[in-house]
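Residues per chain are reported as follows:
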Amino acid sequence: MKFNPLFILPNLFTAGSIFLGILSVIYASKGSFEMSCWLILASMILDGLDGRVARLTNTSSKFGVEFDSLADIVAFGVAPAMLLYFYVGVNYGRLGMSVPAIFVILGAVRLARFNITTNAEPNSFIGLPIPSAAVVVMLWVLLDLEYHFIQKYGYVMLAGSFLISILMVSNIRYPSFKKMRWNFKSFIAVILLLGIIYIKPQETLCALMSGYVLYGVVRWIVILIKMRFGGKSSHKGRNT
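Per an unreviewed UniProt entry, the protein chain goes by the name CDP-diacylglycerol--serine O-phosphatidyltransferase and belongs to Helicobacter jaachi. As its UniProt record puts it under Subcellular location (unreviewed entry), the protein chain is described as follows: "Endomembrane system".

In structure tokens form, the structure reads like this:
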């Protein structure tokens, strides 16, 4: 059986994601928090490309899937956790160490659950995806480097990161844009969005990702309310 050299290509993107994740940890440990943040974002871009390259070159494999999961726990579990620790956690003793550790553990649980389950809804994720969780934490740090309103109250960031960790292993559904249908209006919207991101990158990306996290929570609450009061209404109707 001949070895297909194209199999190397998607795995190079995955390896690059791990490499950038490790660099992010190193920069965070040295206090270069802005560089650490952008490295996590760059790692997310590579992570998004590896699967697409594998499909385009018809080189998808079980090895690639497992390698990608291991890369994710480094780039989107360990890297943001260490960024969180060196940025604020170091000032909060055991609490500051526990929250980043929980982030990594629950991120690993999220990945394991994703690997062994088949999502019945191809356009949604069950639980907040770990790359999204990592980027939200990274953007909080990046925004605070600009405006300095979180670090003074580091426990707020620790609490928010803990909630993000819980959302990763929750049953709350989040939309997936992998099979999004594109049209001319979508194209124009993306162009306008890129323009806004270019003008205010930290603020725009943080607003978008925070909105994405809140969307899942608000949608879940609305569904619970409808189920609770809708069920009561139908029950009363049957009794009358």
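From this point, things continue past the structure.
Asker: How would you sum up the packing of aromatic side chains? Please name residues and give values.
Answerer: Across all of its chains, the model carries 4 aromatic pairs by this definition. Between Tyr85 and Phe86 the ring centres are 5.3 Å apart and the planes differ by 70°, which places this aromatic pair in the edge-to-face class. An angle of 40° between the planes, with centres 5.3 Å apart, marks the rings of Tyr174 and Tyr212 as tilted. Here the residue Tyr174 occupies a position in strand β2 (residues 173–175), and Tyr212 occupies one in helix α8 (residues 201–239), the gap between them amounting to 38 residues. Accessibility assignment for this pair places Tyr174 and Tyr212 in one class, buried.

Asker: Please provide a residue-by-residue account of a nonpolar patch on the surface, values included.
Answerer: A cluster of nonpolar residues, Trp220, Ile221, Ile223, Leu224, Ile225, Met227 and Phe229, forms a patch on the protein surface that exposes about 670 Å² of accessible area. With respect to the helices, strands and loops of the structure, Trp220 is situated in helix α8.

Asker: Give me the side chain of Ser24: which residues, what numbers.
Answerer: One can find Ser24 in helix α1 (residues 8–29). Judged by relative accessible area, Ser24 falls into the buried class, the value being 0%. Here Ser36 takes part through its side chain, which lies 2.8 Å from a polar atom of the side chain of Ser24. Aside from chain neighbours lying at most four places away, what touches Ser24 is Ser36, Leu39, Ile40 and Ala79.

Asker: Provide a residue-level description of the packing of helix α3 (residues 62–87) against helix α5 (residues 130–147), including the pertinent values.
Answerer: Their axes nearest at 9 Å, the elements α3 and α5 cross at an angle of 30°. As judged from the angle between their axes, α3 and α5 are roughly parallel. At the point where α3 passes α5, the crossing takes the left-handed sense. In this structure, α3 contributes Asp72, Ile73, Phe76, Gly77, Pro80, Leu83, Leu84 and Tyr87 to the contact, and α5 contributes Ile130, Pro131, Ala134, Val137, Met138, Val141, Asp144 and Leu145. Partitioned by chemical class, the residues of the contact of α3 with α5 number 13 nonpolar, 1 polar and 2 charged.

Asker: Explain the UniProt feature "transmembrane region" (unreviewed entry) in the protein chain residue by residue, including any values.
Answerer: When the UniProt feature table is mapped onto this chain, "transmembrane region" (unreviewed entry) is found at residues 7–27, 94–112, 124–143, 149–170, 182–199 and 205–225. Within the segment residues 124–143, helix and strand shares are 70% and 15% respectively, and the terminal C-alpha atoms sit 28 Å apart. What you have in residues 205–225 is 100% helix and 0% strand, and the ends, taken at the C-alpha atoms, are 30 Å apart.

Scoring rules and cut-offs
- Residues numbered from 1 in each chain as written.
- Predicted model: local features only at pLDDT ≥ 70, side-chain atom pairs only at ≥ 80, totals over all residues.
- Heavy atoms only, no water.
- UniProt positions renumbered as here; feature names shortened; annotations may be inferred.
- Phe/Tyr/Trp six-rings, centres within 6.5 Å; stacked < 30°, edge-to-face > 60°.
- Helix = DSSP H or I, 4+ residues; strand = E, 2+ residues; numbered from the N terminus.
- Buried < 20%, exposed > 50% of the residue type's maximum accessible area, 1.4 Å probe, protein only.
- Patch = residues over 30% accessible without salt bridge, like charges linked within 9 Å, V, L, I, M, F, W, Y side chains within 5 Å.
- Areas by Shrake-Rupley, 256 points an atom, 1.4 Å probe, with all protein chains shown as cover.
- Salt bridge = Lys/Arg side-chain N within 4 Å of Asp/Glu carboxyl O.
- Polar contact = N/O pair within 3.5 Å; in protein donor to acceptor, adjacent residues only side chain to side chain.
- Contact = heavy atoms within 4.5 Å.
- Axes fitted to C-alpha atoms, helices over the stretch in contact; angles between N-to-C directions.
- Parallel < 35°, antiparallel > 145°, perpendicular 65-115°, else oblique.
- Left-handed = near helix turned anticlockwise from the far one by under 90°.
- Nonpolar A, V, L, I, M, F, W, Y, C, P; charged D, E, K, R; others polar.

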